Amino acid sequence: MVPNASIEVQTTPRDRPSIPAWFAEVVIVSQHLTTKGLLEAFAHHIQLVRGRFGSYEPIDFFALLFGYAMSGERTLLAFFERVAPFGSAFMALFGRAELPHRATLSRFLASVDRPCLEAFRTLFEQHSFAEGWTNDSIGGIWDRQGRRYLVFDVDATRQAAPQRGLPCDPSLPPPQRRLDAVCAPGYTGRKRGEVVRTRTVALQMHTRQWIGTYAGRGNGDYQGELALALQAITTYLGLFALTPEVALVRLDGQYGDTVAIAQLIAAGVHLVTRARGYRVLEHPQIQYVLAHSPTAHVSRVNSDEMVELFDGGWLQLDGDVPQTRIIVARHRAPEPGKRVSVGKCIGEWVYEVFITTLPVDGYLVEDVLDLYHGRGAFEAVLADEDVEEDPDRWCSYTECGQELWQIACQWVWNLRLSLGQAMQQAKLREIEWASPKKTPLVLPTIEEPVEEYGPWEWAAAFGRATGRFGTDAFTMQEDGKLRCPAGASLWLSEVRQENAFTQRAVYLAYQTGCQCCSLREQCLAKGAKGNRARRVSAVRRLLPPPASVACEQKPVLLGPIRWVDVAGRALRRTWTTHWRRQHAEIIPLVECPKRIFPPPRPPRALRSHYRWSWPDRLACNAWWGPPQLRVTVAGVPAFLVIK
């Protein structure tokens, strides 16, 4: 006893570790998984031919991964140090006997193969998407015509991995790095590191539910990962009896090419993305639209800079891609010397191109732009994920093992959302995304435009050719040939169609004339070998249709856009905070027998000459005795009480 004038302090030399603050949440979640039959599904549907991890099965390691994700411990070492004094109680919550060692968990993650990973992902999609949610409670966005959409965000995150410098010497063996199986050189961005791992994630924006995670070495395979994400979105909609036309997928400029857009359109979903290239600005229809007054004006959120918006109408970007709606935004170029980070600077304007398939009567040009910039909320969810779970921390040095850990993190995230929704009975939030507006004036479209090209524009010298004879040194003759400064003639070699609205003419000199020319050094670029004759090219572009006055159309008042969602951050954090404040106690049962014998093992002949069946292997670490511990958790709501 320690003397104190204000309070009586009682001490004891007996070691008694404190129960972790996250243990109460593990108790509740494990009992919820048991009630829903998920533990049985883990045990019987996910099978792995094990290597060297003893008598354990995947269900034992899934219990550890779920507990690790809920604990918030920074490392596996810290998690095992906290759970070790209560290992028997922790594993008994999942119906298992012994707590595996940390090295055994590492061997399991290293042994996870693709079939085991996909079986776990299938269970994640079947039991995590619709659990606790209904068609009415998952929210949505209603356009100006009252049509409902569900917004999904798909984007890639990169985890950079720094590596130590290793000496390179012929007398030393070749270096071997643990991250070679999961990382590769790639785009690191602002993160310091030499190799990266890319993880593509899909999020349902109204409930903040994770729909899927797909990882790859280096920059990954964005087309293949996008196809998997679209498949997960279709599965999500099918659980609520919704068609793919209800989905609205928002993506960044990485997916703004024709290949990715064709994937999205083939999946039957709507899309909003930024264009990856800016060649569409040369299209005659876009040039025709830019020649008129803007469709709308908006101001940037963080500044008073005005942005002009143009509705470019529906265009076919490629022969194999259906028509998409093009929206062009432009603002004044910055002062000379300042770098333009987003967009393309042409003259005194900076242009940005957005692509969508949303109907014109449901979303005006400013609505589409607001929807795209609303992806900022997705970045906030990724930041919350880093704080609450940090799934990018290295848990395994194999591709399948690391991806299995990340799926387990997303499963815990979705469980906190659904259980938090049931506990708090939170109502849906509804805001007016955009107020009612009148339709703008629409430019008339020409049914049969006449293709007329503009004048030839000679290519300018750049790069190594700067300072040499440019196209201005060549003179056009009456016979249609060019005359070079040395007096030789260049003949028209070809006129090729570069794209749907650009033609290029190439003039070529004679090889024999260029080899003996006295001005040869002034005509060839620096470092050129001189084994080819001089070429001069010119480009001409398809002219836009003649400008005309906007058609007289009476403006129509369109309804507002409504956004309905749930407070996902409040649901998760209120749920987590509640259980970390509640008292949990583990008490040994006095009436339990002092000595309990395990079930008899199979005969040695059977163990020596035959492979064990899956049920026999599962029974190796199963809890076989009567209850030996009593776990008491306070603050359990009525809907979670198991009678």
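For the structure itself, look to the data block above.
Thresholds applied
Residues numbered from 1 in each chain as written. Predicted model: local features only at pLDDT ≥ 70, side-chain atom pairs only at ≥ 80, totals over all residues. Heavy atoms only, no water. Phe/Tyr/Trp six-rings, centres within 6.5 Å; stacked < 30°, edge-to-face > 60°. Helix = DSSP H or I, 4+ residues; strand = E, 2+ residues; numbered from the N terminus. Buried < 20%, exposed > 50% of the residue type's maximum accessible area, 1.4 Å probe, protein only. Lys NZ or Arg CZ within 6 Å of the ring centre and 35° of its normal. Disulfide = S-S within 2.5 Å. Pairing = 2+ DSSP bridges.

S.K.: Sorry, what's going on with the packing of aromatic side chains here?
M.R.: The description of an aromatic ring pair uses the distance of the two centres, along with the angle that the planes make with each other. As enumerated under the stated definition, the model contains 31 aromatic pairs in all. Measuring from ring centre to ring centre gives 5.8 Å for Tyr222 and Tyr255, while their planes differ by 65°; the resulting arrangement is edge-to-face. Linking Tyr222 in helix H8 (residues 222–239) with Tyr255 in the loop between strand E5 (247–250) and helix H9 (258–266), this pair joins segments that are 33 residues apart in sequence. Note on accessibility: Tyr222 and Tyr255 belong to one class, buried. Directly above the ring of Tyr372 sits Arg375, whose terminal nitrogen or CZ lies 5.7 Å from the centroid. Above the plane of the ring of Trp413 lies Arg572, whose end atom (NZ or CZ) is 3.8 Å from the centre.

S.K.: Just checking my understanding: could you explain the state of the cysteines for this structure?
M.R.: Structurally, a disulfide amounts to a covalent bond that connects the sulfur atoms of two cysteines. Applying the stated criterion across every chain yields a total of zero disulfides. Free cysteine: Cys395, not disulfide-bonded; nearest cysteine sulfur from Cys409 at 7.9 Å. Classification of Cys395 as buried rests on a relative accessible area of 9%. Cysteine Cys620 remains unbridged, with the sulfur of Cys116 as its closest cysteine sulfur at 17 Å. Looking at Cys620, the relative accessible area reads 29%, which means it is partly exposed.

S.K.: What exactly am I supposed to notice about the sheet that holds strand E19 (residues 535–541) here?
M.R.: Strand pairing in a sheet takes place through backbone hydrogen bonds and is either antiparallel or parallel in direction. One open sheet accounts for six strands, arranged E14-E19-E18-E17-E16-E15; its pairing is antiparallel. The open sheet has two edge strands with one neighbour each: strand E14 (457–458) and strand E15 (475–476). As judged from the two bridges shared by E15 and strand E16 (residues 482–483), these two strands associate in the antiparallel manner. The residue bridging Met476 from the neighbouring strand is Leu482, located in E16.

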